[in-house]
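# Chains, contacts and geometry: an overview
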Amino acid sequence: MKWIPRKRVKVDRVACTWLIKKFVDPQAEFLFVPAAEVLAVAQREGAIPYDVANVELGHQGQECSFEAILKKYNLTNNPALVLLGRIVNGADTDNTLWYQPEGPGLQAIGEGFRHLGYGDDHDIIAAEWIVYDALYAYCQQRTEQNTSSERAKN
């Protein structure tokens, strides 16, 4: 399937491409276009638009697009992905929904990738996905520790 956000990826769009490829559609193909063209190109290409205004897989209230994808594709039963969504939200928004302490660090890392001279959005996501692999491993460890602590209390 083809998926289409706006070009010049930042934290939420990079995170969404990672999430889609790893957990929703391993065969995903990503098209990056100017924001004003996303819906027209999506219709022409039969692509799923995300992280643009007024689409199902965009920001919903204070939640970011990553969180919308988690809900749409029934991934909220994975506590590590939910935690990762909160971190992405904290990096992509004003961080007042979850007050996630890792959010500002992820925002700084994402901004740094934008200044490394990668040729296009495909190059940026290819380089940056390792960050999300590492964050997911971190989130798995954190949520497993929380589950173990809760079991120990009971």
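Everything numeric in this text was worked out from a predicted model, so none of it was measured. (Residues numbered from 1 in each chain as written. Predicted model: local features only at pLDDT ≥ 70, side-chain atom pairs only at ≥ 80, totals over all residues. Heavy atoms only, no water.)

### A few points about the overall build of the protein
Secondary structure summary: the protein contains 6 helices and 3 strands in total. In the protein, the succession of α and β elements from N to C terminus is β-α-β-α-β-α-α-α-α. For the protein, the C-alpha radius of gyration of 16 Å lies close to 15 Å, the compact-globule estimate for 154 residues. Taken along its principal axes, the extent of the C-alpha atoms in the protein is 55 × 35 × 30 Å. The burial tally for the protein puts 45% of its 154 residues in the buried class. Distance between charge centroids for the protein: 1 Å, based on 16 positive and 20 negative side chains. (Helix = DSSP H or I, 4+ residues; strand = E, 2+ residues; numbered from the N terminus. Rg over C-alpha atoms; globule rule 2.2 N^0.38 Å. Buried < 20%, exposed > 50% of the residue type's maximum accessible area, 1.4 Å probe, protein only. Lys, Arg positive; Asp, Glu negative; His and termini not counted. Charge placed at Lys NZ, Arg CZ, Asp CG, Glu CD.)

### Here's the deal with the packing of aromatic side chains
For the structure on display, the rule yields 8 aromatic pairs. Relative to Tyr132, the ring of Trp18 lies with its centre 6.3 Å away and its plane at 40°, an arrangement referred to as tilted. With a gap of 114 residues between them, Trp18 in helix α1 (residues 11-24) and Tyr132 in helix α6 (residues 121-153) connect regions that are remote in the sequence. Side by side, Trp18 and Tyr132 carry an identical accessibility label, which is buried. Aromatic pair Phe113 and Tyr118: ring centres 6.4 Å apart, planes at 25°, arrangement stacked. Taken together, the aromatic side chains of Trp18, Phe23, Tyr132 and Tyr136 make up a single cluster linked through ring pairs. The residue whose ring lies beneath Arg86 is Trp98, and the NZ or CZ to ring-centre distance is 3.8 Å. (Phe/Tyr/Trp six-rings, centres within 6.5 Å; stacked < 30°, edge-to-face > 60°. Lys NZ or Arg CZ within 6 Å of the ring centre and 35° of its normal.)

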